[in-house]
Amino acid sequence: MKVKILMVCLGNICRSPLAEGILQSKLDPRYYSIKSCGTSSYHIGSKPDKRSIDIAKQYGIDITNQRATQFKVSDFTTYDYIYVMDSSNYQNIIDLANNDYEKNKVKHILNELHPDSNFDVPDPYYGGKQGFDDVFQMINKACDNIALKLNKPA
Ligand code: 4NP
């Protein structure tokens, strides 16, 4: 059975598609399945934002085949780890959890870099290109730590 990891943001077109593509690039697909989704229904079925596609491409990662989906309660059962990009995503998901076991699967992705700090990956949607580069760098560093942790022998 593969380890299943879900990356979550609001729209599933800017941050979490980057997180999906970046973590996929660091883990063996034979053992890990990584997907992303949004808490909102705003962009269901859409490709990632062109600015996310462009910044990923600049670092050798192709996210063009992703299509936005919305988080659903059954994802608590499907996934082993759920990483949210910000505190608003965290609250939205926690509100849907049925019990503490499900709640404990949900983590702030930047806590992998700054433990217990609950820092946000800022929403780059209304900003410029630099914001997408900044977001890429943060998510990339967090995913380095996630990959290190997961690849540790049990
Ligand atoms: P994301 O960015 O949550 O990183 O995908 C956003 C994309 C779209 C919207 C907000 C945030 N929106 O309001 O449409």
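Look above for the structure.
Remember, it's a predicted structure, so these values are computed and weren't measured experimentally.

Novice: An account of the pattern of salt bridges is needed here, citing residue identities and associated values.
Specialist: Counted according to the given criterion, the structure contains 7 salt bridges. Between D144 and K26 there is a salt bridge whose closest N-O contact spans 2.8 Å. One end of the pair, D144, is in helix α6 (residues 129-151); the other, K26, is in helix α1 (residues 15-26), and 118 residues separate them in sequence. Owing to a relative accessible area of 36%, D144 belongs among the partly exposed residues under this scheme. In this structure K26 comes out as partly exposed when scored by relative accessible area, which is 24%. Note that D54 is salt-bridged to K50, the shortest N-O span being 2.7 Å.

Novice: A description of the packing of aromatic side chains should follow, citing residues and the corresponding values.
Specialist: In this structure the tally under the stated criterion is 4 aromatic pairs. On the basis of an interplanar angle of 75° and a centroid distance of 5.2 Å, the ring pair of F71 and F76 is categorised as edge-to-face. For the pair shown, F71 and F76 are each scored as buried. For the pair Y125 and Y126, a centre-to-centre distance of 4.9 Å together with 80° between the ring planes defines the contact as edge-to-face. Take Y125: its relative accessible area is 29%, and that puts it in the partly exposed class. Of the residues examined, Y126 reaches a relative accessible area of 74% and is grouped as exposed.

Cut-off values and rules
Residues numbered from 1 in each chain as written. Predicted model: local features only at pLDDT ≥ 70, side-chain atom pairs only at ≥ 80, totals over all residues. Heavy atoms only, no water. Salt bridge = Lys/Arg side-chain N within 4 Å of Asp/Glu carboxyl O. Helix = DSSP H or I, 4+ residues; strand = E, 2+ residues; numbered from the N terminus. Buried < 20%, exposed > 50% of the residue type's maximum accessible area, 1.4 Å probe, protein only. Phe/Tyr/Trp six-rings, centres within 6.5 Å; stacked < 30°, edge-to-face > 60°.

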